Amino acid sequence: MGTDETFDYDTSLNACYDNNGKDYFFKNVKSIFEADDLTIANFEGTLTDSDEREDKEYAFKAPAEYTSILTAGSVEAVNTANNHSHDYGEKSYTDTISALEDAGIASFGYNRIKILKIKGIKVGVTGIYELADHQKRASQVKQNIKALKKAGAQVIIVNFHWGIEKQYTPIIDFQYFYSHRITNRNNCCQVQRLIVGVFTLCDDTVCFVSDIQDDLIWLYIDYSSLYDLSIVNSFK
């Protein structure tokens, strides 16, 4: 969310916000998100006024008021674990968390887990930035799942930001075996599990449930899907 300082304002998200308002971005899907029980977004960018830009090709930031885009679109929670979460340093990350929480949007990511109460069910969420070091995140996933189980989670949603930069097709086999190994029944016994995988930029929109087995649901979403949204339609 937001823009890079090198982008042309006239074609930026910021200009779109200024010209169309907060309701524009989700107007075609808002009715769907309002009807579901939980909408989770992969939040890439920062909500900060910091000028301490990281030395990288693209760095995104926006004013804290842009949380209104999410609340207007009925987005209840966001994963902040991705390659743009610290674009303006550590302060930009903590600023973002504060802005989201102040707007009533639950946030989670890295070692920050969250328990959400949905229709009486304790839903545990964790966000993993797998893109940088792939299988080295295995221990973090296990620790976060263990912490969510200890906190009483009945459903666990593991949201991965994964893939390989500039590789434009998802690595289904790699991600399947990687995720299955670290979120197997020994880790999530007696807990319903949903794995959400968000790809790096892909040519084709991919949004499907790829496999259901042993009460484990896999949902793959590509980066070009609108704000990388995961919709949990019903908790029963």
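Rules behind the numbers
Residues numbered from 1 in each chain as written. Predicted model: local features only at pLDDT ≥ 70, side-chain atom pairs only at ≥ 80, totals over all residues. Heavy atoms only, no water. Helix = DSSP H or I, 4+ residues; strand = E, 2+ residues; numbered from the N terminus. Expected span 1.5 Å × (residues − 1). Buried < 20%, exposed > 50% of the residue type's maximum accessible area, 1.4 Å probe, protein only. Arc of directions from axis to C-beta. Contact = heavy atoms within 4.5 Å. Phe/Tyr/Trp six-rings, centres within 6.5 Å; stacked < 30°, edge-to-face > 60°. Core = buried A, V, L, I, M, F, W, Y, C linked by side-chain atoms within 4.5 Å. Pairing = 2+ DSSP bridges. Salt bridge = Lys/Arg side-chain N within 4 Å of Asp/Glu carboxyl O.

1. Points about helix H4 (residues 89–102)
Reasoning step 1: Taking 1.5 Å per residue as the helical rise, H4 with its 14 residues ought to reach 20 Å, and the 20 Å between its terminal C-alpha atoms agrees with that figure.
Reasoning step 2: Those residues of H4 not exposed but buried are Gly89, Ser92, Tyr93, Thr96, Ile97, Ala99 and Leu100. All buried residues of H4 fall inside an arc of 165° around its axis, so they share one side.
Reasoning step 3: Structurally, H4 contributes buried residues whose contacts are with strand S2 (46–47), helix H3 (67–72), strand S4 (77–79) and strand S5 (106–108).
Reasoning step 4: Just beyond H4, the residue with positive phi is glycine 104, at close to 80°.

2. Details of the environment of phenylalanine 33
Reasoning step 1: Tracing the backbone through its elements, the reader meets phenylalanine 33 in helix H2 (residues 30–35).
Reasoning step 2: For the pair phenylalanine 33 and glutamate 76, spaced 43 residues apart in the sequence, the C-alpha separation amounts to 9.3 Å.

3. Some points on the packing of aromatic side chains
Reasoning step 1: Counting across every chain of the model gives 6 aromatic pairs.
Reasoning step 2: Between phenylalanine 7 and tyrosine 58, the ring centres sit 5.7 Å apart and the planes meet at 55°, which makes this aromatic pair tilted. Linking phenylalanine 7 in the segment before helix H1 (13–20) with tyrosine 58 in the loop between S2 and strand S3 (61–62), this pair joins segments that are 51 residues apart in sequence.
Reasoning step 3: Judged by relative accessible area, which is 37%, tyrosine 58 ranks as partly exposed.
Reasoning step 4: Through a chain of ring-to-ring contacts, three or more aromatic side chains come together here, namely Phe7, Tyr58 and Phe60.

4. Points about H1
Reasoning step 1: The complete set of buried residues in H1 reads Leu13, Asn14, Ala15 and Tyr17.
Reasoning step 2: Considering only its buried residues, H1 is in contact with H3.
Reasoning step 3: Following H1 by one or two positions, glycine 21 has its phi on the positive side, about 85°.

5. Overview of the nonpolar core
Reasoning step 1: Ranked by internal contacts, the top residues of the largest apolar core, which has 18 residues, are Met1, Leu47, Tyr66, Ile69, Leu70 and Val78.
Reasoning step 2: Among the secondary structure elements, those contributing two or more residues to this core are H1, H3 and H4.
Reasoning step 3: Here isoleucine 69 is in contact with Met1, Leu13, Tyr17, Lys22, Phe25 and Phe26, once residues within four sequence places are set aside.
Reasoning step 4: The next biggest cluster of nonpolar side chains, apart from the first, holds 12 residues, and it includes Ala106, Phe108, Val123 and Ile157.

6. Topic: the pairing of strand S1 (residues 38–42)
Reasoning step 1: Taken across its 5 residues, S1 has 5 buried, putting it largely inside the fold.
Reasoning step 2: Inspection of the sheet shows S1 paired to S4 by 3 bridges, in the parallel sense. Its bridge partner being in S4, isoleucine 40 is matched across the sheet by alanine 77.

7. Focus: the pattern of salt bridges
Reasoning step 1: Taken as a whole and assessed by the stated rule, the structure comprises 10 salt bridges.
Reasoning step 2: Here lysine 91 and aspartate 49 are joined by a salt bridge, their closest N and O atoms 4.0 Å apart. One end of the pair, lysine 91, is in helix H4; the other, aspartate 49, is in the loop between S2 and S3, with 42 residues separating them in the sequence.
Reasoning step 3: A relative accessible area of 47% places lysine 91 in the partly exposed class.
Reasoning step 4: Residue lysine 61 pairs with aspartate 51 through a salt bridge whose shortest N-O separation is 3.3 Å. Within this pair, whereas lysine 61 is found in strand S3, its partner aspartate 51 is found in the loop between S2 and S3, the two being separated by 10 residues in sequence.
Reasoning step 5: On the basis of relative accessibility, which here comes to 63%, the residue aspartate 51 falls in the exposed class.

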